[in-house]
Structure formats: structure tokens, C-alpha cells
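Single-letter residue listing:
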Amino acid sequence: MKYKEIILNCTRVNHQYMRLPAGKVAGLEAMTELYKRIASQSLTCAQAWVQDSPCPDHEPAVDAFNWGIVAWSDAFGLSMGVDQVEWGRVFIAPHHEFADYLRPGRPPEPLPTVDGAPANIILTLDALWTELVIKLTARWGLLHHLKDKDAMIEAQSLQGKLRNPGSPAYKAFLESDLVFFHHLFKHFPFSEQTKKHINAWLKRAEEEL
Ligand SMILES: [Zn+2]
């Protein structure tokens, strides 16, 4: 499997869709700006990775974001109930390799598995992932993250909203996540059985919109 090309495609998808319903939820302006920078730097670094070049300079938030995805993907696969061996090999491993290229080291603890309906799982893991990205950015960014203080405050308050099914942010994020996931997962060479499982699972989440 061509890990690097797959991740390059993922960073392109992320750059286009951003996994953030920009403009739809008030009070996320600083966070949106930060995400744009992260997405664009992730893309630049993935392009260098594909060419076996050294990693270009990037901000600590880029490391936090991508190591956060490694921790997230572990919990996401378990929560969806897909075949863990396949999920680990096809989905987690490429993300892990990319994170290790950005910032070599050990992965953070995986996020906890979440039970319940797919929509709840998606948004609870979004909240936990956001929390982890803030923590890692603060740890690795030191003074650097101070310039993103406003974004961090927004991200902090967003976590609460993502845990509240009645909030406008909940619905907006669910909607944009589902679009994002459809574009993201199609780049991975999952077995037919796993593809079916994922699509059926995402469909159940869609029904909650
Ligand atoms: Zn880099």
C-alpha cells in the first residue's frame, strides 16, 4: 500500500473541507484561522514526505493535530466496531507514520472508546480530540501557542457544545464531519466488508441530522 500518497490525499481533503463548519458556527473565527494554517502546513509537509525530503518547518500545532488524529483513529475504529486488525493496518498505520515524520516520538494515549449512537460517538470523539490537540499544542508549542490563545479558548468552549446534542454547533459539526468522512475514507483500501460496515454506520449518523 502506498502510505504516503494516501496521506497526501488526506491532507488535501482536510485542506478542502477542514472538518470545521467555518462560518456556520459563531465564535470560531480564531480557531478557523488556526485550522487553515494547520491544514495548509500539513499539506506542504505531506508533499515533502512523498518526495522523501526532510520535513519542512511547521508549527507545533501541526504535530499536535496529526498526533491527535492517531489517538482519535484508534478510538474511532473501536467505537465503529470495524475489524481492528484491518483498521490498524489500513487506517491508523499511515497516520502514525506521518505523525512520526512530523515529530518523531511515541503516540499519545489512545482516546477512550465511546458507546451509543453513531452521531454521539462522532461528536464525543471530536470533543476529546479537540481537547487532546489543545493539550499537545500547549505542551509542544510553549510560547508559540500564545499567539493562538484566542483559538485555544474557542476550542475549549467548543468541547462543551459538541457534547450537547441541542446546540447548533452539534448539528453543524455532525453535518460537516459526515461530508468530510465520506471524502476521507474513500482514499483507504478497505475490504468490501469494512467499506460496507463504515457506510452503513455513517448512514445511521446521517439519519440523526
Ligand atoms: Zn514539516
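Data block above holds the structure.
All values reported here derive from a predicted model rather than from experimental measurement.

Calculation rules
- Residues numbered from 1 in each chain as written.
- Predicted model: local features only at pLDDT ≥ 70, side-chain atom pairs only at ≥ 80, totals over all residues.
- Heavy atoms only, no water.
- Helix = DSSP H or I, 4+ residues; strand = E, 2+ residues; numbered from the N terminus.
- Expected span 1.5 Å × (residues − 1).
- 1 Å grid on protein atoms, 1.4 Å probe; cavity = no way out; pocket = protein on both sides within 12 Å on 5 of 7 lines; lining within 4 Å.
- Points joined across faces, edges and corners; volume = space filled by probe spheres on them.
- Nonpolar A, V, L, I, M, F, W, Y, C, P; charged D, E, K, R; others polar.
- Phe/Tyr/Trp six-rings, centres within 6.5 Å; stacked < 30°, edge-to-face > 60°.
- Buried < 20%, exposed > 50% of the residue type's maximum accessible area, 1.4 Å probe, protein only.
- Donors = N, O, S within 2.8 Å, 3.2 Å for Na, K, Ca; no water.
- Tetrahedral: all angles 85-135°; square planar, octahedral: opposite > 155°, others 65-115°.
- Polar contact = N/O pair within 3.5 Å; in protein donor to acceptor, adjacent residues only side chain to side chain.
- Contact = heavy atoms within 4.5 Å.

Q: Sorry if this is basic, but what is going on with helix α2 (residues 29–50) here?
A: Residue pairs spaced three or four apart in an α-helix point in one direction, given the helix's 3.6 residues per turn. With 22 residues, α2 ought to run about 32 Å at 1.5 Å a step, and its terminal C-alpha atoms sit 32 Å apart, in line with that. Looking one or two residues past α2, Asp52 carries a phi angle of roughly 55°, positive in sign.

Q: Explanation requested: empty space enclosed by the protein in the structure shown.
A: Any empty space left between the atoms is revealed when a probe the size of a water molecule rolls over them. Counted by the stated rule, this structure contains three cavities of 30 Å³ or more. In this structure, the largest cavity occupies an estimated 160 Å³ of space. Lining the largest cavity are 15 residues; nearest its centre among them are Cys10, Asn14, Ile69, His95 and Leu184. For the lining of the largest cavity, the secondary-structure elements that each account for two or more residues are α1 (3–17), α3 (60–80), α4 (84–102) and α7 (168–185). Of the residues contributing to the lining of the largest cavity, the split by class is nine nonpolar, five polar and one charged. Its volume calculated, the second largest cavity comes out at about 70 Å³. Taken together, Met31, Leu34, Tyr35, Ile38, Thr130, Val133, Ile134, Ala151, Met152 and Ala155 make up the full set of residues lining the second largest cavity. Residue assignment for the lining of the second largest cavity shows that the elements contributing at least two residues are α2, α5 (118–141) and α6 (149–162). Partitioned by chemical class, the residues of the lining of the second largest cavity number nine nonpolar, one polar and no charged.

Q: Would you explain the packing of aromatic side chains in this entry?
A: Where two aromatic rings form a pair, the distance of their centres and the angle of their planes describe that pair. Counted by the stated rule, this structure contains 23 aromatic pairs. Residues Phe91 and Phe188 carry aromatic rings whose centres are separated by 4.6 Å and whose planes lie at 55° to one another, so their mutual orientation is tilted. With Phe91 in helix α4 and Phe188 in the loop between α7 and α8 (192–207), this pair connects stretches of sequence that are 97 residues apart. Grouping residues by exposure puts Phe91 and Phe188 together as buried. Here the aromatic residues Trp72, Phe76, Trp87, Phe91, Phe180, Phe181, Phe185, Phe188, Phe190 and Trp201 are joined through ring pairs into a cluster of three or more.

Q: I'm lost on the coordination of the zinc ion in this one. Help?
A: Six octahedral donors around a metal ideally sit at 90 or 180 degrees from one another, while four tetrahedral donors ideally sit at 109.5 degrees. Coordination of the zinc ion by the protein is provided by Cys45 (SG), Cys55 (SG), Pro56 (O) and His58 (ND1), with metal-donor distances spanning 2.1 to 2.3 Å. Of note is the zinc ion, whose four donor atoms meet at the metal with angles of 91 to 118° in an arrangement that counts as tetrahedral. Sequence spacing among the residues donating to the zinc ion works out to C-x9-C-P-x1-H. Here the residue Cys45 occupies a position in helix α2, and His58 occupies one in the loop between α2 and α3, the gap between them amounting to 13 residues. For Cys45, a relative accessible area of 1% gives the class buried.

Q: Would you take a moment to explain the side chain of Thr130 for this structure?
A: By secondary structure assignment, the location of Thr130 is in helix α5. The exposure class assigned to Thr130 is buried, which follows from its relative accessible area of 5%. At 2.7 Å, the side chain of Thr130 and the backbone oxygen of Asp126 are in polar contact. Excluding its chain neighbours within four sequence positions, the residues that come into contact with Thr130 are Ala155 and Gln159.

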